[in-house]
Amino acid sequence: MSVNIKFERRGGDSMKKVRVGIIGLGSWGSCHLEAYAAMPQAEVVAVCDRNAERAQELAQKFGVPHAYSESDELLAREDLDMVSIVTFENDHFGPAIRALESGKHVLVEKPVSTKLHEAKKMMETAEACGRYIFPGHLLRFEPRYAEIYKAIRSGRVGAPESMYFKRGRTKRMFQTYKRIHTVFELTVHDLDLAIWYADSRVKSVKAYARKINDTVVPDLLWACLQFENGTLAFLHSNWMSPDEAGIVMNDSVEVIGANGIAQFENSGSNLQLWDASGRHSPDFYIHHVLNGSSFGALREQLNYACGCAASGTKPEYTSFADAVHGIEVAEAIIRSSETGSEIFL
C-alpha cells in the first residue's frame, strides 16, 4: 500500500515526534507499546493501567517517563498528541471521549465499542473537537488483505460479487475472550474488511449461532450480509480449533469479482515448529519482535495514525464511519441469530 504522509520538523534536523499515551497494558496494550518503541517518529510519554505495578514495570522496561493507574491522570497531561486506548472492549467509550475533549487524537482498539450509540458519539465528538479518531482495524494494513483491496480497486479482480471470510481461533482462547459476544471479538475484523471491499453499506443480515462450549456466548457464528450495491458476503467465526493442533490463527478469505478471484488461507502458510510440546505456527504479519524491534500490521497502523497526527492530514485509508457501521451490523447479527429473523438496516 502507498500512504504518503510527511512528518514536520520542530527545528534543526530533528523529526517532530508524536507524543503518545497508552491506556490499557494487557497483552495487546503491551504490543502497542512495543510497536511505538520501534517507531522513530513516536515517543511514548505516559502509560496507564489499572494494575499500577504492571504500569510501572512496563514504563521502566521501555523508558517511559510517566506511569499511572488512573486514566484521568494521563489524560490531564497537556504534552500528549495522541492516545491509544487498549482497555477491555466494553471500556473504550469513557477514555475516548475524555481524550478527544482534552484535545488529543485517539486510536481506539477494535471493537471501537460494543454499543452503537457510543460509537456514534465518539465520531461526533471527534468532529466537534477537531481531532482525529482511528479505529483499530489493523487488517487494512496487513499486506495480503491490502493487496486484495488494491486488486478490487484496480479492476484486476473488480467489484466484489461474492465474499467469504473465515476467522477461527482456539478453544483455549475462547476461555479468555468469551467475555464479549463473538461478533465483537472475531467477526468485527471481517465486518470491516467486507465493508471496505464492498465500498457500500449493508442492507440486510441473516445470522446463525451455536453455543457449544458456553451457555451465553456462541463459539460458532455465521452471517450472510447483503449490501446496497448487490454484493453478498458470508462471514464465519469460530472458537473451535483444538489447542493441540498448534494453529492459533485459522483464517481465510475469498473475493469473487467480475474480472477475477482473490483468495488466501493462513493455517498452513506460516512457519511450522515441532518440539516436545507439539506443533506451533507463529504469526509474523500482525505483530512480531525481532532483534528488539517490532514489525507487522500493528506498527504500520500506528505509523499511519502518527503520520496523520503529525502532518494534520485527515485519515482516509481508515474510516471511523465504516467502524460505526460495522457496530450497527454487529448488533443486527446478534438480533438475527437470537430471533431467527432477517434484519433490515
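Residues numbered from 1 in each chain as written. Predicted model: local features only at pLDDT ≥ 70, side-chain atom pairs only at ≥ 80, totals over all residues. Heavy atoms only, no water.

On to the pattern of salt bridges, then. By the definition in use, this model includes 13 salt bridges. Between Asp-322 and Arg-140 there is a salt bridge, with its nearest N and O atoms 2.9 Å apart. Note that Asp-322 is positioned in helix H10 (residues 320-339) and Arg-140 in the loop between strand S8 (133-136) and helix H6 (143-154), a separation of 182 residues in sequence. Of the two residues, Asp-322 and Arg-140, both sit in the buried class. Note that Lys-178 is salt-bridged to Asp-214, the shortest N-O span being 3.3 Å. Placement of the pair is Lys-178 in the loop between helix H7 (171-177) and helix H8 (182-198) and Asp-214 in the loop between strand S10 (202-210) and strand S11 (220-227), with a sequence separation of 36 residues. Residue classification places Lys-178 among the partly exposed residues on the basis of a relative accessible area of 27%. One connected set of salt bridges, linked through shared partners, spans Arg-140, Asp-192, Arg-201 and Asp-322. (Salt bridge = Lys/Arg side-chain N within 4 Å of Asp/Glu carboxyl O. Helix = DSSP H or I, 4+ residues; strand = E, 2+ residues; numbered from the N terminus. Buried < 20%, exposed > 50% of the residue type's maximum accessible area, 1.4 Å probe, protein only.)

Bringing the state of the cysteines into the picture now. Tallied over the entire structure, the rule returns 0 disulfides. Unpaired in terms of disulfides, Cys-48 finds its nearest cysteine sulfur in Cys-31, a separation of 18 Å. As a non-bridged cysteine, Cys-306 has Cys-308 as the owner of its nearest cysteine sulfur, 9.5 Å distant. The class for Cys-306 is buried, based on a relative accessible area of 0%. (Disulfide = S-S within 2.5 Å.)

Here we come to the sheet that holds strand S7 (residues 105-109). Spatial strand order, S5-S4-S3-S6-S7-S8: 6 strands in an open sheet with parallel pairing. Sheet topology places strand S5 (66-68) and S8 at the edges, where each strand pairs with a single neighbour. Geometrically, the sheet is characterised by an average inter-axis angle of 20 degrees between neighbouring strands, direction not taken into account. Sheet topology note: the S7/S8 ladder contains 4 bridges and is parallel. Directly across from Val-108, in S8, lies its bridge partner Pro-135. Packed on one face of the sheet, helix H2 (residues 52-62) meets strand S4 (42-48) and S5 and runs near 165 degrees to S5. (Pairing = 2+ DSSP bridges. Axes fitted to C-alpha atoms, helices over the stretch in contact; angles between N-to-C directions. Contact = heavy atoms within 4.5 Å.)

A few words on the side chain of Ser-71. Among the secondary structure elements, Ser-71 is positioned in helix H3 (residues 71-75). Judged by its relative accessible area of 14%, Ser-71 falls in the buried class. When neighbours within four sequence positions are excluded, Ser-71 is seen to be in contact with Ile-23, Cys-48 and Arg-98.

On to the confidence of the model for the protein. Averaged over every residue, the pLDDT of the protein is 93; residues scoring 70 or more account for 95%. Contacts of residues 1-14 to residues separated by more than four positions or lying in other chains number 28 contacts, the stretch itself having pLDDT below 50. (pLDDT = per-residue confidence, 0-100.)

Before going further, it helps to examine the packing of helix H4 (residues 93-101) against helix H5 (residues 116-129). Between H4 and H5, the shortest axis-to-axis distance is 9 Å and the interhelical angle comes to 10 degrees. Of the possible angle classes, the one that applies to H4 and H5 is roughly parallel. Contacts between H4 and H5 involve Phe-93, Ala-96, Ile-97, Leu-100 and Glu-101 on the former and, on the latter, Glu-118, Lys-121, Met-122, Thr-125, Ala-126 and Cys-129. In terms of residue class, the contact of H4 with H5 is built from 7 nonpolar, 1 polar and 3 charged. (Parallel < 35°, antiparallel > 145°, perpendicular 65-115°, else oblique. Nonpolar A, V, L, I, M, F, W, Y, C, P; charged D, E, K, R; others polar.)

This part takes up the pairing of strand S12 (residues 232-241). Burial within S12 is extensive, with 7 of its 10 residues counted as buried. Sheet topology places strand S9 (residues 160-170) next to S12; 8 bridges connect them, and they run parallel. Counterpart to Arg-167 in the pairing with S12 is Ser-237. Bridge analysis of S11 against S12 gives 7 bridges, and the strand direction is antiparallel. Within the sheet, the bridge partner assigned to Leu-225 lies in S12 and is Ala-233. What sits between S11 and S12 in their antiparallel hairpin is a turn of 4 residues, with Gly-230 showing a positive phi close to 100 degrees.

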